[in-house]
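In case you want the letters, here they are:
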Amino acid sequence: QNVLGDAIFNEETLAGNRQTVCVGNIEFYSTDAHTLMPFFGEVHICYLPDEGKVAGLSKFARITEVFSKRLQTPKNLARDIASSIETLVSPVGVLVVIK
């Protein structure tokens, strides 16, 4: 919650006119929790807003940065990012891809 602050907006949507929100090419650098070796790449995030709750696009880079600073595995990094978006924005669905 501290990461997003007041960057969650309520957007008016017409019934049946939901659109996917996608943010891609978010660079990250992290350290693998098992081998202590660095790993890096790009994160792509898509979600389908529910009830018009939308987060500012720059906040996804911040969420990625917060979780990548921890000892992580790529699988856990994707899970943590998706879980955080689900908690904060309550979307219909979330997709996080790490390349």
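Residues numbered from 1 in each chain as written. Predicted model: local features only at pLDDT ≥ 70, side-chain atom pairs only at ≥ 80, totals over all residues. Heavy atoms only, no water.

It is worth spelling out the nonpolar core at this point. It is characteristic of soluble globular proteins that their nonpolar side chains tend to be buried jointly. Grouped together as the largest cluster of nonpolar side chains are 21 residues, with contacts concentrated most on Val43, Ile45, Tyr47, Phe60, Ile81 and Val96. Secondary-structure elements contributing two or more residues to this core are strand S2 (21–32), strand S3 (38–48), strand S4 (53–55), helix H1 (58–68) and helix H2 (74–89). At seven residues, H2 tops the list of elements feeding residues into this core. (Core = buried A, V, L, I, M, F, W, Y, C linked by side-chain atoms within 4.5 Å. Buried < 20%, exposed > 50% of the residue type's maximum accessible area, 1.4 Å probe, protein only. Helix = DSSP H or I, 4+ residues; strand = E, 2+ residues; numbered from the N terminus.)

Its place among the elements puts Ser30 in strand S2. Relative accessible area serves as the criterion here: at 4%, Ser30 is assigned to the buried category. Of note is the side chain of Ser30, whose polar atom sits 3.3 Å from the backbone oxygen of Arg70. When neighbours within four sequence positions are excluded, Ser30 is seen to be in contact with Met37, Pro38, Phe39, Ser68, Arg70 and Gln72. (Polar contact = N/O pair within 3.5 Å; in protein donor to acceptor, adjacent residues only side chain to side chain. Contact = heavy atoms within 4.5 Å.)

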